[in-house]
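Close look at the chain arrangement
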Amino acid sequence: MQGRRKLGMISAAAIATLALASCSGGGGEGGEGNAETTFRVAFNQNIDHPQAQALLELSDELQERTDGKYALELYTDETLGDQASTIEQVQSGTIDFAMVAGSLLENFESDFSVVNLPYLYESPEHQMSVLNDREIMGDLYDSVLEDSIKVVAGYHGGVRNVYSSVGPVETPADLAGQKIRVIGSDTNVRMMELMGGVGTPMGQGEVYTAIQSGVLDGGENNELIYSSLSHAEIAGFYSYTQHLMMPDYLIASPTVWDGLDADAQSIFQELLDQSVQTELELFATAVDDAKASAEEAGAVFNEVDVDVFREAVLPLHEERLTTDRTQTIYDAIEAARS
């Protein structure tokens, strides 16, 4: 396997935060102090995000269905660090669960790139149907168990579009020379190159200042992130390239998951499946609200010739289908189109 990473050092601040939470019953959002076991969940967005709301609903139902034995507690807004560091904390057992961007798992198994390809899914429903089908994804998900990562569910992370401080993007030529923030992975950097720009990996928390200072020209993300992080203030041109539906994964420490008895695992998995559907519904409403908020902040939204961008990135599909596993998954995704 390629791209294996060793565990990094967990920051002293994160450990101190968790130690305090363990003693006090937790300082995160949505904690259930009267549960026998409260699992700590790292989340990098705010409590109003559809994924957070879906997980809070799951927690309530989990506690009810297990007679108060289990609940979740969300630590939002990167309280426990950025997504890369929370993966390491899940691996080391410092925290129990984390919601992370799908591309980050490419750093542990390069075959994850197949489900992070641009223009791969025809709809959010199509995406969720394949990512939570163990017959399609089971082998790939199991490939990171040896890295102390268990993928327990795939969630919709929105439709990503390009936004810029320079001007509207209508064709790949408009992106020429623009430094666009992408989530760190070779696939994302290559994708932006094919789209015409310069893919620049960077932590989400650094993007606002980087655009404001001219280190970056823009980014690519869904409307929720664009609005909630106030990027409309410093990169007011949002262009509907619709290039990517990158999944987010709820990951767990295998030790935590294996520590649940069979009945608890069954209940948890059932509720996870429900929460994926809940999040889809919440996301659609949240996009409308986020777009309205961004427009109030001065953002201008524009349509693009999506087919031009789709054709530009198609070479990436061929480049990433390098193993039997990636080809099998890709074919299954294509076959699941309506």
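Just so it is clear, the structure is predicted and the values come from calculations on it, not from any experiment. (Residues numbered from 1 in each chain as written. Predicted model: local features only at pLDDT ≥ 70, side-chain atom pairs only at ≥ 80, totals over all residues. Heavy atoms only, no water.)

Observations concerning the overall build of the chain
Scanning the chain for helices and strands turns up 12 helices and 11 strands. Overall, the C-alpha framework of the chain stretches about 55 × 45 × 40 Å when taken along its three principal axes. Taken across its 338 residues, the chain has 55% of its residues classed as buried. Counting only carbon and sulfur atoms, one obtains 48% of the accessible surface of the chain, whose full area is about 13,800 Å². When the 17 positive and 56 negative side-chain charges of the chain are each reduced to one mean point, those points stand 7 Å apart. (Helix = DSSP H or I, 4+ residues; strand = E, 2+ residues; numbered from the N terminus. Buried < 20%, exposed > 50% of the residue type's maximum accessible area, 1.4 Å probe, protein only. Areas by Shrake-Rupley, 256 points an atom, 1.4 Å probe, with all protein chains shown as cover. Lys, Arg positive; Asp, Glu negative; His and termini not counted. Charge placed at Lys NZ, Arg CZ, Asp CG, Glu CD.)

A short note on the pattern of salt bridges
Evaluated as defined, the whole model comprises 12 salt bridges. Salt-bridge contacts for Arg160 lead to Glu220; the nearest nitrogen and oxygen are separated by 3.0 Å. Of this pair, Arg160 sits in strand β5 (residues 160–164) while Glu220 sits in strand β8 (residues 218–221), and the two are 60 residues apart along the sequence. Since its relative accessible area comes to 0%, Glu220 is described here as buried. Here Arg310 makes a salt bridge to Asp307, at a shortest N to O gap of 2.6 Å. With Arg310 and Asp307 both in helix α11 (residues 306–320), this residue pair falls three residues apart, about one helical turn. By relative accessible area, Arg310 is classed as partly exposed at 33%. It is possible to trace a salt-bridge network through shared partners that takes in Glu109, Asp111, Asp139 and Arg325. (Salt bridge = Lys/Arg side-chain N within 4 Å of Asp/Glu carboxyl O.)

Details of the packing of helix α5 (residues 134–142) against helix α12 (residues 324–335)
Two elements in contact, α5 and α12, have axes whose closest approach is 10 Å; the angle formed by their N-to-C orientations is 150 degrees. Here α5 lies roughly antiparallel to α12, going by the angle between them. In this structure, α5 crosses over α12, and the sense of that crossing is left-handed. For the pair α5 and α12, contact is made by Ile136, Met137, Asp139 and Leu140 and by Arg325, Ile329 and Ala332, respectively. (Axes fitted to C-alpha atoms, helices over the stretch in contact; angles between N-to-C directions. Parallel < 35°, antiparallel > 145°, perpendicular 65-115°, else oblique. Left-handed = near helix turned anticlockwise from the far one by under 90°. Contact = heavy atoms within 4.5 Å.)

A closer look at the nonpolar core
Grouped together as the largest cluster of nonpolar side chains are 82 residues, with contacts concentrated most on Tyr249 and Phe268. At seven residues, helix α10 (residues 262–296) tops the list of elements feeding residues into this core. Those residues in contact with Phe268 that sit more than four places away from it in its chain are Phe39, Leu58, Leu62, Leu72, Phe97, Trp257 and Leu260. Counting 15 residues, the second largest nonpolar core, distinct from the first, contains Val207, Ala210, Tyr226 and Phe301. (Core = buried A, V, L, I, M, F, W, Y, C linked by side-chain atoms within 4.5 Å.)

So, the pairing of β8
Burial along β8 is two-sided: the face carrying Gly218 and Glu220 and the face carrying Gly219 and Asn221 are both buried. Looking at chain direction, β5 and β8 are connected through four bridges and run antiparallel. Following the sheet pairing, Tyr163 is matched in β8 by Gly219. In the sheet, strand β6 (residues 179–182) pairs with β8 via two bridges, with the strands oriented parallel. Each bridged residue has a counterpart across the sheet, and for Arg181 the counterpart in β8 is Gly219. (Pairing = 2+ DSSP bridges.)

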